[in-house]
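Here are the chains, one letter per residue:
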Amino acid sequence: MSLFLSADQIAAFERDGVLVVDNVLPMERLKAVKAEYTDLLDTMYDAWHAEGCVPPPGDMDFFEKLLTAYDAGCEWFQPMDISLPGSKIEADTPFHIGPAVFEMLTCDRLLDMVEDLIGPEITSNPIQHVRLKPPARTLRSTETTAHIMATDWHQDRAVAHEEGDRTKMITVWLAITDATPDNGCLQVIPGKPQMYPHCPKRQTSIADGFIDETKAEPLPVKAGGAVIFHPLTPHAALDNLTDGFRWSFDIRYNVTGQPTGRAHFPDFVARSRSAPDTVLRDWRVYDRMWKDTRATLAPKRHIPIHRWTSDSPACA
Ligand SMILES: O=C(O)CCC(=O)C(=O)O
Ligand SMILES: [Fe+2]
């Protein structure tokens, strides 16, 4: 008996490795996430203003503040991301975990949907990001990060460590604003092919000649909806050609006990039918786990998050 998805939806996911689902995140959760981010940015903006980097906030809304700060060169991406970065972690590397983010990660409807696809023993995988994408015309020419600009073709398996290659895992891409082909929605090539070689290009992306981009399907989805995909399904995101921001979160879940593919970052049990006591329910504990991870990693040598190097034959 499925909890959230129809038998047809589950069969489509098994076949294509991808599924678009409307109304995953309830409206009040969506509002809570926006409110939490508004408060976070208000605080950051006031600090930049105090330093003289940005004009007074006046009646600027969230997106106007983001754009003004981006133009001024104030770094807002990492302080708003919901994980530590793939680059060297310092004792003060910022990130954001709050109650609304935690409730999004552990939302019942969302976990019902995940349970329909990977079963009832569910771990929240630490590979997770916010993406706040300004209009492409406003981007600096030096911008490369996939959290801010278009995302190159890749498979999510490939951006985890090899020990996670057999882990049963799914990516849930949650739209916070409507995602459209114009504003940079996700696109996929349906299917679950083998893992392709990836190369460090603008971002880590599938080596030339392995995929047929003419088979790409853009996947528009309304705010609160989700695109769910298999870790081998090739995907990318289009440019944001509109005047507004495109906002999403991508989060991942795996079967509890299997390697997350990023063992140096913290995971937690989001649902368990066999051991309900193991479920984490307090966002403060989760925030603390990331802070402890940061303190542990900061004095250590950088741990690369990808296995790919540019000297492999596929990247020649
Ligand atoms: O939203 C994007 O730009 C890319 C998202 C992605 O690669 C993912 O969700 O795994
Ligand atoms: Fe991805």
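Residues numbered from 1 in each chain as written. Chains lettered and ligands numbered in written order. Predicted model: local features only at pLDDT ≥ 70, side-chain atom pairs only at ≥ 80, totals over all residues. Heavy atoms only, no water.

A. Representation of the pattern of salt bridges in the model. All chains considered together, the criterion is met by 20 salt bridges. A salt bridge links Arg131 to Asp250; the shortest N-O distance between them is 2.7 Å. Placement of Arg131 in strand β2 (residues 122-133) and of Asp250 in strand β11 (residues 246-255) is noted, with a sequence separation of 119 residues between them. With respect to burial, Arg131 and Asp250 carry one shared label: buried. Measuring nitrogen to oxygen at the nearest pair gives 2.9 Å for the salt bridge that ties Asp156 to Arg252. (Salt bridge = Lys/Arg side-chain N within 4 Å of Asp/Glu carboxyl O. Helix = DSSP H or I, 4+ residues; strand = E, 2+ residues; numbered from the N terminus. Buried < 20%, exposed > 50% of the residue type's maximum accessible area, 1.4 Å probe, protein only.)

B. Focus on the site of ligand 1. Neighbouring ligand 1 are 15 residues; Lys133, Thr151, Asp156, Trp173 and Arg252 lie closest to it. Asp156 is positioned with one of its side-chain polar atoms (N or O) 2.8 Å from an oxygen atom of ligand 1. Between ligand 1 and the protein, one listed contact pairs an oxygen atom with a side-chain N or O atom of Trp173 at 2.8 Å. Compared with its free state, where it exposes 290 Å², ligand 1 has 99% of that area covered by protein. Residue assignment for the shell around ligand 1 shows that the elements contributing at least two residues are β2, β3 (151-154), β4 (169-175), β10 (235-237) and β11. Tallying contributions element by element places β11 first for the shell around ligand 1, with 3 residues. Across the shell around ligand 1, the residue classes break down as 5 nonpolar, 4 polar and 6 charged. (Near = heavy atom within 4 Å. Polar contact = N/O pair within 3.5 Å; in protein donor to acceptor, adjacent residues only side chain to side chain. Areas by Shrake-Rupley, 256 points an atom, 1.4 Å probe, with all protein chains shown as cover. Nonpolar A, V, L, I, M, F, W, Y, C, P; charged D, E, K, R; others polar.)

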